Protein chains: 2
Amino acid sequence: MKLGQATIKDIARELNLSASTISRALKDYPGISDETKRKVKEMAEKMNYRPNAIALSLRKSRSFTIGVIIPEVVHFFFSTVVSGIEEVAQSRGYNVILVQSNEKLEREISSIETMLSNQIDGVLVSYSKETNTFEHFTRVLDQGFPIVFFDRAPQIPGAINVMVDDYQGAFDATTHLISQGYKNIVHLAGPPSLKITRDRANGYKAALEKNGLPVHPDHIIPCPLGTVEESQKLVSELLSSSAVNPDAFFACNDIGAVGAMMACRDAGLKIPLDVGIVGFSDWQFCSMLEPKLSSVAQPGTLMGAKATEILLDIIEKKIDPETMEKSLVLETKLMDRDSSKRF
Amino acid sequence: MKLGQATIKDIARELNLSASTISRALKDYPGISDETKRKVKEMAEKMNYRPNAIALSLRKSRSFTIGVIIPEVVHFFFSTVVSGIEEVAQSRGYNVILVQSNEKLEREISSIETMLSNQIDGVLVSYSKETNTFEHFTRVLDQGFPIVFFDRAPQIPGAINVMVDDYQGAFDATTHLISQGYKNIVHLAGPPSLKITRDRANGYKAALEKNGLPVHPDHIIPCPLGTVEESQKLVSELLSSSAVNPDAFFACNDIGAVGAMMACRDAGLKIPLDVGIVGFSDWQFCSMLEPKLSSVAQPGTLMGAKATEILLDIIEKKIDPETMEKSLVLETKLMDRDSSKRF
DNA sequence: TTGTATGCGTTATCAT
DNA sequence: ATGATAACGCATACAA
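The rules we used
- Residues numbered from 1 in each chain as written.
- Chains lettered and ligands numbered in written order.
- Predicted model: local features only at pLDDT ≥ 70, side-chain atom pairs only at ≥ 80, totals over all residues.
- Heavy atoms only, no water.
- Helix = DSSP H or I, 4+ residues; strand = E, 2+ residues; numbered from the N terminus.
- Rg over C-alpha atoms; globule rule 2.2 N^0.38 Å.
- Buried < 20%, exposed > 50% of the residue type's maximum accessible area, 1.4 Å probe, protein only.
- Contact = heavy atoms within 4.5 Å.
- UniProt positions renumbered as here; feature names shortened; annotations may be inferred.
- Expected span 1.5 Å × (residues − 1).
- Buried area = accessible area lost by both parts, 1.4 Å probe.
- Salt bridge = Lys/Arg side-chain N within 4 Å of Asp/Glu carboxyl O.
- Nonpolar A, V, L, I, M, F, W, Y, C, P; charged D, E, K, R; others polar.
- Near = heavy atom within 4 Å.
- Polar contact = N/O pair within 3.5 Å; in protein donor to acceptor, adjacent residues only side chain to side chain.
- Least-squares fit on C-alpha atoms with pLDDT ≥ 70 in both.
- Phe/Tyr/Trp six-rings, centres within 6.5 Å; stacked < 30°, edge-to-face > 60°.
- Lys NZ or Arg CZ within 6 Å of the ring centre and 35° of its normal.
- Domains from an automatic or database assignment.
- Axes fitted to C-alpha atoms, helices over the stretch in contact; angles between N-to-C directions.
- Parallel < 35°, antiparallel > 145°, perpendicular 65-115°, else oblique.
- Left-handed = near helix turned anticlockwise from the far one by under 90°.
- Arc of directions from axis to C-beta.
- Right-handed = clockwise from strand over helix to strand, strands pointing away.

## Quick notes on the overall build of chain A
(1) Moving on: Within chain A one finds 12 helices and 12 strands.
(2) Moving on: Computed over the C-alpha atoms, the radius of gyration of chain A is 26 Å, more than 25% above the 20 Å expected from 2.2 N^0.38 for a compact globule of 343 residues.
(3) Moving on: Overall, chain A is about 90 × 40 × 30 Å in size when its C-alpha atoms are taken along their principal axes.
(4) Moving on: Expressed as a percentage of the 343 residues in chain A, the buried residues total 55%.
(5) Moving on: A separation threshold of at least 6 residues defines the contact pool for chain A, and within that pool the share at least 24 residues apart is 74%.

## A look at the UniProt feature "domain: HTH lacI-type" (unreviewed entry) in chain A
(1) Moving on: Look at the UniProt record and you will see "domain: HTH lacI-type" (unreviewed entry) annotated at residues 6-60 of chain A.
(2) Moving on: For residues 6-60 of chain A, the end-to-end C-alpha separation is 21 Å, with 67% helix and 0% strand making up the annotated structure.

## Here we look at helix H6 (residues 105-117) of chain B
Residue and element names in this part refer to chain B.
(1) Moving on: Here H6 contains 13 residues, and its C-alpha end-to-end distance of 19 Å stays within 8% of the 18 Å for a straight helix at 1.5 Å per residue.
(2) Moving on: Of all the positions in H6, only Leu105, Arg107, Glu108, Ser111, Ile112, Met115, Leu116 and Ser117 are classed as buried.
(3) Moving on: Looking one or two residues past H6, Gln119 carries a phi angle of roughly 60°, positive in sign.

## A look at the interface of chain B and chain A
(1) Moving on: Counting from both sides, the interface comprises 50 residues of chain B and, opposite them, 51 residues of chain A.
(2) Moving on: Approximately 4700 Å² of surface area, both sides summed, lies buried where chain B meets chain A, with 53% of it carried by carbon and sulfur atoms.
(3) Moving on: Seen at the junction of chain B and chain A, the total is 8 salt bridges.
(4) Moving on: In this structure, Arg107(A) engages Glu86(B) in a salt bridge whose closest nitrogen and oxygen atoms are separated by 3.9 Å.
(5) Moving on: Per-element tally for the side of chain B that touches chain A: the top contributor is helix H5 (residues 76-91) of chain B, with 8 residues.
(6) Moving on: For the side of chain B that touches chain A, a count of residues per class yields 23 nonpolar, 19 polar and 8 charged.

## Quick look at the protein's contact with DNA strand C
(1) Moving on: Taken together, the neighbourhood of DNA strand C is formed by 26 residues, with Ser20(A), Thr21(A), Arg24(A), Arg59(A) and Arg59(B) sitting nearest.
(2) Moving on: For DNA strand C, the fraction of protein-proximal atoms (within 4 Å) that sit in sugar or phosphate groups is 61%.
(3) Moving on: Residue Arg24(A) places a side-chain N or O atom 2.4 Å away from a base oxygen belonging to DNA strand C.
(4) Moving on: Of all the elements in the fold, those that place two or more residues in the surface near DNA strand C are helix H2 (19-26) and helix H4 (53-60) of chain A together with helix H1 (8-15), helix H2 (19-26) and helix H4 (53-60) of chain B.
(5) Moving on: Taken together, the residues that form the surface near DNA strand C break down as 8 nonpolar, 11 polar and 7 charged.

## Some words on the protein's contact with DNA strand D
(1) Moving on: Within the structure, DNA strand D sits among 26 residues, and Ile8(A), Arg24(A), Tyr49(A), Thr21(B) and Arg24(B) are positioned closest to it.
(2) Moving on: When the atoms of DNA strand D within 4 Å of the protein are grouped by moiety, sugar and phosphate amount to 60% of the total.
(3) Moving on: Measuring from a phosphate oxygen of DNA strand D, one finds a backbone N or O atom of Ile8(A) at 2.7 Å.
(4) Moving on: Here a phosphate oxygen of DNA strand D sits 2.5 Å away from a polar atom, N or O, in the side chain of Thr21(B).
(5) Moving on: Those elements that provide at least two residues to the surface near DNA strand D are helix H1 (8-15), H2 and H4 of chain A together with H2 and H4 of chain B.

## Here we look at the environment of Gln143(A)
(1) Moving on: Inspection of the secondary structure assignment puts Gln143(A) in the loop between helix H7 (135-142) and strand S4 (147-150).
(2) Moving on: The residues touching Gln143(A), leaving out its near neighbours within four places in the chain, are Gln5(B), Asn48(B) and Arg50(B).

## Some details on the relation of the copies chain B and chain A
(1) Moving on: Turning chain B through 180° and shifting it by 0.0 Å along the axis lays it on chain A, with an RMSD of 0.1 Å. Here the two chains are linked by the operation of a two-fold rotation axis. Considering only C-alpha atoms, the part of chain B nearest the rotation axis is Ile97(B), at 2.3 Å.
(2) Moving on: The overlap is high: 100% of the interface residues of chain B also sit at the interface in chain A, so the same surface is used on both sides.

## Here's the deal with the packing of aromatic side chains
Residues and elements named next belong to chain A.
(1) Moving on: Taken as a whole and judged by the stated rule, the model has 18 aromatic pairs over all chains.
(2) Moving on: Measuring from centroid to centroid gives 5.2 Å for Phe64 and Tyr94, while their planes differ by 50°, and the two rings are tilted. Taken as a pair, Phe64 in the loop between H4 and strand S1 (65-70) and Tyr94 in the loop between helix H5 (76-91) and strand S2 (95-100) lie far apart in primary sequence, 30 residues in all.
(3) Moving on: Directly above the aromatic system of Phe64 lies the positively charged group of Arg62, at a separation of 4.3 Å from the ring centroid.
(4) Moving on: Looking at Arg342, its charged tip hangs above the ring of Tyr182, at a distance of 3.9 Å from the centre.

## Observations concerning the domain arrangement of chain A
(1) Moving on: According to the domain assignment, chain A contains domain 1 (8-50), domain 2 (61-164 + 301-329) and domain 3 (166-299).
(2) Moving on: Domain 1 of chain A and domain 2 of chain A are separated by 39 Å when their C-alpha centres are compared.

## Some words on the packing of H4(A) against H4(B)
(1) Moving on: In contact at an axis separation of 9 Å, H4(A) and H4(B) are set at 140° when each is read in the N-to-C sense. If you check the angle between H4(A) and H4(B), you find them oblique. Between H4(A) and H4(B) lies a crossing whose hand is left-handed. Where H4(A) abuts H4(B), its residues Ile54(A), Ala55(A), Ser57(A) and Leu58(A) lie against Ile54(B), Ala55(B), Ser57(B) and Leu58(B).
(2) Moving on: Looking at the contact of H4(A) with H4(B) residue by residue, the classes come out as 6 nonpolar, 2 polar and no charged.

## Quick notes on H2(B)
Residues and elements named next belong to chain B.
(1) Moving on: The set of residues buried in H2 consists of Thr21, Ile22 and Ala25. Down the axis of H2, the buried set is contained in an arc of 100°. They therefore lie on one face.
(2) Moving on: Here the buried face of H2 lies against H1 and helix H3 (34-46).
(3) Moving on: Directly after H2, the chain includes Asp28, whose backbone phi takes a positive value near 55°.

## Notes on the pairing of S2(A)
All names here are of chain A.
(1) Moving on: With 6 of 6 residues buried, S2 is to be regarded as a mostly interior element.
(2) Moving on: Of the two faces of S2, the one carrying Asn95, Ile97 and Val99 and the one carrying Val96, Leu98 and Gln100 are both buried.
(3) Moving on: Note that the unit made of S1, H5 and S2 has a crossover that is right-handed.

## As for the pattern of salt bridges
(1) Moving on: Applying the stated criterion to the full structure yields 42 salt bridges over all chains.
(2) Moving on: Residue Glu290(A) pairs with Arg265(B) through a salt bridge whose shortest N-O separation is 3.3 Å. Of the two residues, Glu290(A) is situated in the loop between strand S9 (276-281) and strand S10 (294-297) and Arg265(B) in helix H11 (residues 254-266); the pairing between them involves two chains.
(3) Moving on: According to the relative accessible area criterion, Glu290(A) is partly exposed, its value standing at 34%.

## Quick word on the packing of H1(A) against H2(A)
Residues and elements named next belong to chain A.
(1) Moving on: At a minimum axis distance of 8 Å, the contact between H1 and H2 shows a crossing angle of 110°. Comparing their axes, H2 and H1 come out roughly perpendicular. Along its contact with H1, which presents Ile8, Ile11 and Ala12, the element H2 presents Ala19, Ile22, Ser23 and Leu26.
(2) Moving on: Of the residues belonging to the contact of H1 with H2, the class tally is 6 nonpolar, 1 polar and no charged.

Have a look at this one:
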């Protein structure tokens, strides 16, 4: 009682009752006298009793804890997802263990091992840029352990994925630029290992084709690092070379769009008059920029919430992972602001 | 082995050995033959054995898990702190359980209860704006349970706090504005319940006094909500009324600074020519704005890392919470950019 | 209405 | 070099 918490046994000893009686009384079991219940609860309160969730976990082989593996916490989109996850988990009585892979495959692997050791009931994953093998996931999936992937979803048969419609979002953004009269639209692409990169590039291409515009391979610029500096440099080079002559940029993410904005400004180009720009993700700062940056909004919090609901439903066997719908696609929303509106 | 994980007992049965032998072999205890060790490890590998951390926790009364309670995840500064926490925890073999209070006292209280139930080894806390009583902390502190507070640190005797030097940061920012020739500097303050709000306001006042400038109470504008809209509206009102006539704004946070920027732009004022602006926190987007926003950088990741190191040192009894230094103050760094540089 | 015994997975202690 | 037993805190099947 001084050091360790008071346990059921302590209460039992104090009241000259058996541990089982205490356990039952605290949970309002039928066959316990009201008098005993009262006394037990009183004493529990007095002794500052707190049930030991660890002991409970061991007994039930359930920890009421889920794991979350994300590339990094300091990332607006992922932070919104985590917020949604935490929200739903908390409301349904689950804890959230969080680890960041820092975009390292190795840490992703060790994280999932640690989590399994900790008997978590399920895990939510957005895999790292480095991840090119999925054995560490399939291995545990095959054991019947619940995993729900979000945003960055692997092409594993049977895996449950929650994503946004990257293809459609990119299609909408590009179509919007075309409708504003931009004709030579360059796409700043992401890391090639991610499916979202390919989906967004495909949406971009499809929009061009649908509108009878040519698709030039050299109009798709990979930005693997994803920093402002990288895209700023690449766009600057593009603008100073005479080969391409772009009049708009659709970036795979907002950081890339900011780099493009800066490069255009450096080159003396007016936004949106000379050049139109649209980003992807609709980070917080988009509406704080001058001009306000158009972007494709992704429902991050909703994605986290939905993914968690699905995971918990699987854990609680409210749905059957075998027969259920394997992929949930959330809609994006184009936020067309000043950076891309000529009319 | 089909459903649940393989346990030590399963290996024991398979090898016709006792559980204790398996346990020892796996941990390379001295008195076990190399031959047995080899066989055991082989079988463990084959059966895909994973130690049950829950059982270990129960036995050792230690979970190797720490809790983190923050107001919200979707907040650049807090996300950097969490990143630092997670980093250090992971490297020292601890898990991190994360909850957000959503600035609600009630959730803060229930969170800490849940965490204690889960036998976490210690907790890192930044309390909510709503928190006006600290009983829920003192109660567990008095039981000898380790808590380290960061950023928002309570005035509890004996509590261990890791903060930045808000006073000095505000002093530096204000001094910088004065040095740039601004004379009528308004302070956009934060929620009055937070100590950081008072410290920053005091640093602002001290800088004015030191430079022989008057301190007008009506030059300190409280922005309790902390939204762009709020500060934009308040600054607009201020600019249109003839009473104050400010030529600079030092905001308690970057969001407030952005609101001020927008209000100034709306009023046709040039930044930094007519009005100088400095924010606090140096969020990611500061250097993406036009003009680039000056701000006081807070070492969020470092704060998380330091707080975690202290907490783990206490948990592992490497330092004594009684005799140790109770408060660690980290330095801020003024990032003077275009929004406040006239010369 | 209450008590006893057992087991969840692991390891420390005390045998052999 | 290995085994048997007890214990961590709790819940439950079975007894009384």
